[in-house]
Amino acid sequence: MSKLTLGSYPHMLGFEQLERLLERSAKSGNEGYPPYNIEQTSDHSYRITLAVAGFAEEDLAITVEDRQLVIRGRQRDDSEGRVFLHRGIAARQFQRMFVLADGVEVGEAVMENGLLHVDLTRARPETVVQTISIRKG
């Protein structure tokens, strides 16, 4: 069985990067922690909300790496000197990645009631009309 790629279509030129983005997003992990929502807040803006109860602002890191929004969380183990009869809340770490399209910029991040909100905006593409002159060969 052969693999179908965008290169199989001769009228789709220059879409190799899109194919790589699709492959990268498929590999970016399908774990379920922490749960998150993605909402469209306007025609050109989005908000990603992660449920990060138990994490402080200093336990979280948000970076953009090669057009990927990466959100990492690492809780410090503060159990030193404490005796647990039952420990059902574990200190956990996570990494969530979201592939960003060209023109999508990360705005501000706000922590509110155990929820981390990350706002994204998409720049409106300019309409470009270009006339190509034909010369005699």
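Please read all numbers here as calculations on a predicted model, not as lab measurements.

(A) Structural context of the sheet that holds strand 7 (residues 115-122). Spatially, 4 strands are ordered 1-2-7-6 in an open sheet, and the strand pairing comes out antiparallel. At either margin of the open sheet sits one strand with a lone partner, and together these are strand 1 (36-42) and strand 6 (104-112). In this sheet, adjacent strand axes meet at a mean angle of 20° when their direction is disregarded. Bridge analysis of strand 1 against strand 2 (residues 45-51) gives 6 bridges, and the strand direction is antiparallel. Opposite Ser 42, over in strand 2, you have Ser 45 as the bridge partner.

(B) Region of interest: the environment of Leu 115. By the secondary structure assignment, Leu 115 is in strand 7. In sequence terms Leu 115 and Thr 49 are 66 residues apart; their C-alpha atoms lie 6.4 Å from each other. Once residues within four sequence positions are removed from consideration, Leu 115 is found in contact with Thr 49, Leu 50, Ala 51, Val 52 and Val 110.

Procedures and definitions
Residues numbered from 1 in each chain as written. Predicted model: local features only at pLDDT ≥ 70, side-chain atom pairs only at ≥ 80, totals over all residues. Heavy atoms only, no water. Pairing = 2+ DSSP bridges. Helix = DSSP H or I, 4+ residues; strand = E, 2+ residues; numbered from the N terminus. Axes fitted to C-alpha atoms, helices over the stretch in contact; angles between N-to-C directions. Contact = heavy atoms within 4.5 Å.

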